[in-house]
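Summary of structural features
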Amino acid sequence: MSDRSPHERIARRSGGGFRGYPLATIAWYGPDHSRANKVVVGIVRKDGGDVVAMEKWRSPTGDVRHDELIGAAILRYLQEQGVQSVVMGDGLLGCPHEEGTDYPDGGTCPECPYWAGRERPI
């Protein structure tokens, strides 16, 4: 077993470049730019394909990037899905709440004022 943390192992996999499909996308979300309390992992099986499987993990108080159990669960999920390539952004993509589900479409999240009016990275 590696002496690296699960997050370090995930980051290392994402830095390996494209190695084929299936490909995993990993996106971090949080109430502001400093804490990720949600991570979403999507699986794409072929070039030009849609996400065919997705898992989400949350932490009500901590940062999912430093949660050993969530990191281990992500690594297991990548292995179960047979992932060859991992794409992961450097920072947080935005609010962890979902437009149209947690707050109205076209609105701003009332729980995450940090993200109001900010462009989310793509």
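Residues numbered from 1 in each chain as written. Predicted model: local features only at pLDDT ≥ 70, side-chain atom pairs only at ≥ 80, totals over all residues. Heavy atoms only, no water.

This part takes up the overall build of the protein. The helix and strand inventory of the protein stands at two helices and four strands. The helix and strand sequence of the protein, counted from the amino end, reads α-β-β-β-α-β. The buried share among the 122 residues of the protein stands at 39%. Restricting the contact set of the protein to residue pairs at least 6 apart, pairs at least 24 apart contribute 57%. Accessible surface, the protein as shown: approximately 7500 Å² in total, 48% of it carbon and sulfur. (Helix = DSSP H or I, 4+ residues; strand = E, 2+ residues; numbered from the N terminus. Buried < 20%, exposed > 50% of the residue type's maximum accessible area, 1.4 Å probe, protein only. Contact = heavy atoms within 4.5 Å. Areas by Shrake-Rupley, 256 points an atom, 1.4 Å probe, with all protein chains shown as cover.)

On to the nonpolar core. Within the largest apolar cluster, 26 residues are counted, with the highest numbers of intra-cluster contacts made by Ile26, Trp28, Val39, Val41, Trp57 and Ile74. Among the secondary structure elements, those contributing two or more residues to this core are strand 1 (23–29), strand 2 (38–44), strand 3 (51–58), helix 2 (68–80) and strand 4 (85–92). It is helix 2 that provides the largest number of residues to this core, a total of six residues. For isoleucine 74, the residues in contact, after removing those within four places along its chain, are Ile10, Ile26, Trp28, Val39, Val41 and Trp57. (Core = buried A, V, L, I, M, F, W, Y, C linked by side-chain atoms within 4.5 Å.)

One open sheet accounts for four strands, arranged 3-2-1-4; its pairing is mixed. Single-partner strands in this sheet number two, and they are strand 3 and strand 4. For this sheet, the mean angle separating the axes of adjacent strands, direction not counted, is 15 degrees. In terms of strand pairing, strand 2 meets strand 3 through seven bridges, oriented antiparallel. Across the sheet, residue lysine 38 finds its bridge partner in strand 3, namely arginine 58. (Pairing = 2+ DSSP bridges. Axes fitted to C-alpha atoms, helices over the stretch in contact; angles between N-to-C directions.)

With that out of the way, let us pick up the state of the cysteines. Applying the stated criterion across every chain yields a total of zero disulfides. Considering cysteine sulfurs only, cysteine 112 is the nearest to cysteine 95, which forms no disulfide, with 3.5 Å between them. Lacking any disulfide linkage, cysteine 109 is separated from the closest cysteine sulfur, that of cysteine 95, by 3.6 Å. A residue is classified by how much of its surface remains accessible, and cysteine 109, at 9% relative accessible area, is buried. (Disulfide = S-S within 2.5 Å.)

One pair of aromatic rings is described through two measures. These are the centre distance and the angle between the planes. Applying the stated criterion across every chain yields a total of three aromatic pairs. Taking 5.1 Å as the distance between ring centres and 70 degrees as the angle between the ring planes, the aromatic pair formed by phenylalanine 18 and tyrosine 21 counts as edge-to-face. On the basis of relative accessibility, which here comes to 55%, the residue phenylalanine 18 falls in the exposed class. Seen from their ring centres, tryptophan 57 and tyrosine 77 are 6.0 Å apart, and the 75 degrees between their planes marks the pair as edge-to-face. Of this pair, tryptophan 57 sits in strand 3 while tyrosine 77 sits in helix 2, placing them 20 residues apart in sequence. You can call tyrosine 77 buried: its relative accessible area is 7%. (Phe/Tyr/Trp six-rings, centres within 6.5 Å; stacked < 30°, edge-to-face > 60°.)

None of this, on its own, says anything about what the molecule does.
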